[in-house]
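Observations on chain architecture
Listed below, chain by chain, are the residues.
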Amino acid sequence: MEFHPFMVVLTCFLTLGSLPFNVLAQWRTCEGTVAMKERAETISIEDFGGVGDGRTVNTAAFREAVYRIEHLGRPGGTLLHVPAGVWLTGAFNLTSHMTLYLAQGAVIRAVQDTRNWPLIEPLPSYGRGRELPGGRYMSLIHGSWIHDVIITGENGTIDGQGDVWWNMWRQRTLPFTRPNLIEIMHSTDVLITNVMLQNSPFWNIHPVYCSNVEVRHVTIVAPHDSPNTDGIDPDSTSNVCIEDCYISTGDDLVAIKSGWDEYGITYARSSSDITIRRVNGSSPFAGIAIGSEMSGGVQNVLVEHVNLYNMGIGIHLKTNIGRGGSIRNVTVSDVYMENARKGVRLAGDVGDHPDNNYNPNALPVVDGVTIKNVWGVNVLQPGSIQGIENAPFTRVCLSNVKLRGDGAQTPWKCTDVSGAAQEVLPSPCEQLTSTSGMGSCSTPI
């Protein structure tokens, strides 16, 4: 199926109109987290010998253009204009005070020759590549230690041509961890808006060790059988706003992370102050996820007005023994899901380990999770909450959660959890049947 941004917008508004919540009346936005700036200078990729014929490799042109912006840039920054056409390229870096602008009909397309794809060091909070030991392949569009960077346009496309990487993963011939489509590291004031991403080799948008990140009006698509093609993964990153996006991929639509076991504990940088609002999509995995890599901690997360279709799990908080870290102060509100294997899952036994050096006594803390105003139809199991024996999940509060099945449903399943519930159908497990603890439920600011 060919996706088009206007189809996405129409679908979103039609869906909103069918919801039992007054979504449009509660329209809020965090637009302005990162300012959209007019640049003092505009240059074109064609100025550097770029050719948008879908055959010419433009890696050198993109790298030379960015070098020009970095070393000869004007006060107020520079916009790199990518006209209509198919611009084949390998990996390249962005720089500070730069806007990468994709005109209508512009496609930045990754080359599929993986033999010369550049390698970079593993993330220190992971200690190795996420898939394999050692380094990892650089993302198609990459940036590190930069400030004031914008990726935008007229709904142009960034195409990862990921099938060659997916096949290597399936055939177990990958030598290193696959590249993300966009990764920005150690950076501030990052805005990604009005673009379409498709067929990423691995995760689509990965801000890591960043602050002040805004992603809005972005469409992300990949086949549902494409492995590990997460949509947006804020990772050890703070002050994040994700709004008004359509995501349909082969893995979690949005997944908040903060490092992996002993490496994440040592690096000790959390993900915090994250807002996710008006995200629509489908996936065989989770709609909104936290973890399972969360060893640096995750706190102050607000998720609201989310519509999910044909899902594995609607809302998924996941961790494991050896993770350490904590998940605190999470509120999920006004979610609609249709055709889901499971509505809500909080689990303490998910995810593997980077090596055998993790500390089995490093037990994660999950405390202060409020899930309210959730409506679902054709949900096979309403939910499961399975904490850890010596680290039970606490202050887990459910309110007005109605997840209906088509016929017989598997009941709620809970272990090692305390909290409260009110107006939950079908009835939740015994650990949450009391409403006396509702006053302890937290809501992030």
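Before going into details, it helps to say that this report is about the structure given with it. Chains are numbered independently. Their residues run from 1 in the order of the written sequence. Only residues with pLDDT of 70 or above have their local features reported here, since the model is predicted, and side-chain atom pairs are shown and tallied only from 80 upward, although totals for entire chains, interfaces and linings are computed over all residues. Excluding hydrogens and water, the side-chain values take into account all heavy atoms of the structure.

1. Notes on the overall build of the protein chain
A count of helical and extended segments in the protein chain gives four helices and 25 strands. Computation of the radius of gyration draws on C-alpha atoms alone. For the globule rule, the value is 2.2 Å times the number of residues to the power 0.38. For the protein chain, whose C-alpha radius of gyration is 22 Å, the value lies close to the compact-globule estimate of 22 Å for 445 residues. Across its three principal axes, the protein chain shows a C-alpha extent of roughly 65 × 50 × 40 Å. Across the 445 residues in the protein chain, those meeting the buried criterion constitute 61%. Surface exposure of the protein chain reaches about 16800 Å², of which carbon and sulfur atoms provide 50%. For the purpose of counting charges, residues Lys and Arg are taken to be positive, whereas Asp and Glu are taken to be negative. His and the chain ends are not included. Charged groups are reduced to one reference atom each: NZ for lysine, CZ for arginine, CG for aspartic acid, CD for glutamic acid. Charge centroids of the protein chain, computed over 31 positive and 43 negative side chains, lie 2 Å from each other. Numbering of helices and strands starts at the N terminus; helices are DSSP runs of H or I of at least 4 residues and strands are runs of E of at least 2. With a 1.4 Å probe rolled over the protein chains alone, any residue whose accessible area is under 20% of its type maximum counts as buried; one over 50% counts as exposed, and the rest are partly exposed. Here the accessible surface of atoms and residues is derived via Shrake-Rupley with a 1.4 Å probe, and residues count as covered only by protein chains that are part of the display.

2. Considering the sheet that holds strand β13 (residues 182-185)
Between any two strands, pairing holds if DSSP finds at least two bridges. Pairing in this open sheet of four strands is parallel, and the strands run β5-β10-β13-β15 from one edge to the other. With partners counted over all chains shown, the strands left at the sheet margins are β5 (92-93) and β15 (205-208), one partner each. Here strand β10 (residues 141-144) runs beside β13; their pairing, made up of four bridges, is parallel. By the bridge assignment, G143 is partnered in β13 with I184.

3. Some points on unusual backbone geometry
A cis amide bond, omega 5 degrees, links G291 with the succeeding residue S292. P426 follows L425 through a cis peptide bond whose omega is -10 degrees. Along the chain, P426 falls in the segment after β25 (417-425). In this structure, R278 takes a positive phi of about 55 degrees despite not being glycine. Looking at where R278 falls in the secondary structure, it is placed in strand β19 (residues 271-290). Backbone geometry at N339 places phi at a positive 65 degrees, although glycine is not the residue there. Tracing the chain through its elements places N339 in strand β21 (residues 326-347).

4. Quick look at the environment of R328
On the secondary structure map, R328 appears in strand β21. Here R328 falls in the partly exposed class, since its relative accessible area comes to 37%. Leave out the neighbours within four places in its chain, and R328 touches V298, Q299, N300, V365, D367 and G368. Between two residues, a contact is recorded if the distance between any of their heavy atoms is within 4.5 Å.

5. A closer look at the state of the cysteines
Cysteine sulfurs are considered disulfide-paired once they come within 2.5 Å of each other. What the rule picks out here adds up to two disulfides. Covalently, C30 is tied to C241 through a disulfide, its sulfur atoms 1.7 Å apart. In this structure, the disulfide formed by C30 and C241 twists by about 60 degrees around the S-S bond and is classed as right-handed. Highlighted residues: C30 in the loop between α1 (5-17) and β1 (41-44) and C241 in strand β17 (residues 238-248), separated in sequence by 211 residues. Across the pair, exposure class does not vary: C30 and C241 are buried alike. A sulfur-sulfur separation of 1.7 Å characterises the disulfide bridge that pairs C414 with C429. Torsion about the S-S bond of the C414 and C429 cystine: about -50 degrees, corresponding to left-handed handedness. Linking C414 in strand β24 (residues 413-415) with C429 in the segment after β25, this pair joins segments that are 15 residues apart in sequence. Residue C414 is classed as buried on the basis of its relative accessible area, which comes to 10%. C241 supplies the cysteine sulfur nearest to C210, a cysteine that is in no disulfide, at a spacing of 15 Å. A relative accessible area of 0% places C210 in the buried class.

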